[in-house]
Amino acid sequence: MSRAALVVIDVQESFRQRPIWAYGSNPDIVRQVDRLVAAARERGDLVVWVLHAEPGTGGVFDPALGHVRLIEGLAPVDGEPTLVKTAHNAFTTTNLQQVLTLAGILDVTVCGIRTEQCVETTARVGADLGYRMTFVTDATMTFPIPHRDLPEDATLAEILADPRTLSNEEIVGRTEYALAGRFATVRTVDEVTGAALTGTRS
């Protein structure tokens, strides 16, 4: 029985429908996640796929629009559950904890979109539930965050030009500082897959 799981969070087409996608922190997100998935499968770990949905909103996360699906290049295989959440973390509105418990999982690795939002929140909740959490930063992705005082109808150009906008680098750095030593072990894809030890990269 597997004692570890990889949880892939919200690497979905919804985000690619937004103009800010072009300014994401990790254009290589699909390849990096795929490397983690391949390594998890090789070890016999459980891979769990999580999608975010906002039914009835008419936005990119509304399942009716067809974007609540994995980005091309990623796909579950038989035995890998796909859960749909409506909260920021992957536990509250799904049966993820039940899935992990039934599989005897103690160690959980998380990756996906967005770094500081759904992935970080899942790491925090998972730690509080007693799981040993690993956060793989370079298999996450985020986007610049506008200042809270910027009007909601601000254009993308205005958001990017505003000196108060939090950059991708700042977001990633703050997330790692907040998680490390408290909620999760922060690691790289190379470290998790063993490439850092063998000196090879795929």
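Bear in mind the structure is a predicted one, so any value in this text is a computation, not a measurement.

## Considerations on the side chain of His67
Then step 1. Residue placement: His67 occurs in the loop between strand S2 (46–52) and strand S3 (82–85).
Then step 2. With relative accessibility at 17%, the residue His67 sits in the buried group.
Then step 3. Beyond its immediate sequence surroundings of up to four residues, His67 is in contact with Gln12, Glu13, Ser14, Gln17 and Val60.

## A few points about the pairing of S3
Then step 1. Of the two faces of S3, the one lined by Leu83 and Lys85 is fully buried and the one lined by Thr82 and Val84 carries no buried residue.
Then step 2. Pairing geometry for S2 and S3, over 4 bridges, is parallel. Across the sheet, residue His52 finds its bridge partner in S3, namely Lys85.

## Overview of the packing of aromatic side chains
Then step 1. Using the criterion set out here, one finds 4 aromatic pairs in the structure.
Then step 2. Note on Phe15 and Phe143: the rings are 6.0 Å apart at their centroids and 20 degrees apart in plane angle, and the pair reads as stacked. Taken together, the residues Phe15 in helix H1 (residues 13–16) and Phe143 in the loop between strand S5 (132–141) and helix H5 (156–161) connect sequence positions 128 residues apart. The two residues Phe15 and Phe143 agree in class, both being buried.
Then step 3. Pairwise contacts between aromatic rings join Phe15, Trp21, Phe61 and Phe143 into one cluster.

## Quick look at the nonpolar core
Then step 1. If you look at the biggest cluster of nonpolar residues, it comprises 28 residues, and the most contacted ones within it are Val8, Val11, Val33 and Leu36.
Then step 2. Within the residue set of this core, elements represented by two or more residues are strand S1 (4–9), helix H2 (29–43), S2, strand S4 (107–113), S5 and helix H7 (189–193).
Then step 3. Top contributing element to this core by residue count: H2, with 5 residues.
Then step 4. In this structure, Val33 is in contact with Val8, Val11, Leu74, Cys111 and Ala139, ignoring residues within four places of it in sequence.
Then step 5. Counting residues in each nonpolar core, the second largest holds 24 residues, with Ile9, Ala90, Val99 and Ala184 among its members.

Criteria and cut-off values
- Residues numbered from 1 in each chain as written.
- Predicted model: local features only at pLDDT ≥ 70, side-chain atom pairs only at ≥ 80, totals over all residues.
- Heavy atoms only, no water.
- Helix = DSSP H or I, 4+ residues; strand = E, 2+ residues; numbered from the N terminus.
- Buried < 20%, exposed > 50% of the residue type's maximum accessible area, 1.4 Å probe, protein only.
- Contact = heavy atoms within 4.5 Å.
- Pairing = 2+ DSSP bridges.
- Phe/Tyr/Trp six-rings, centres within 6.5 Å; stacked < 30°, edge-to-face > 60°.
- Core = buried A, V, L, I, M, F, W, Y, C linked by side-chain atoms within 4.5 Å.

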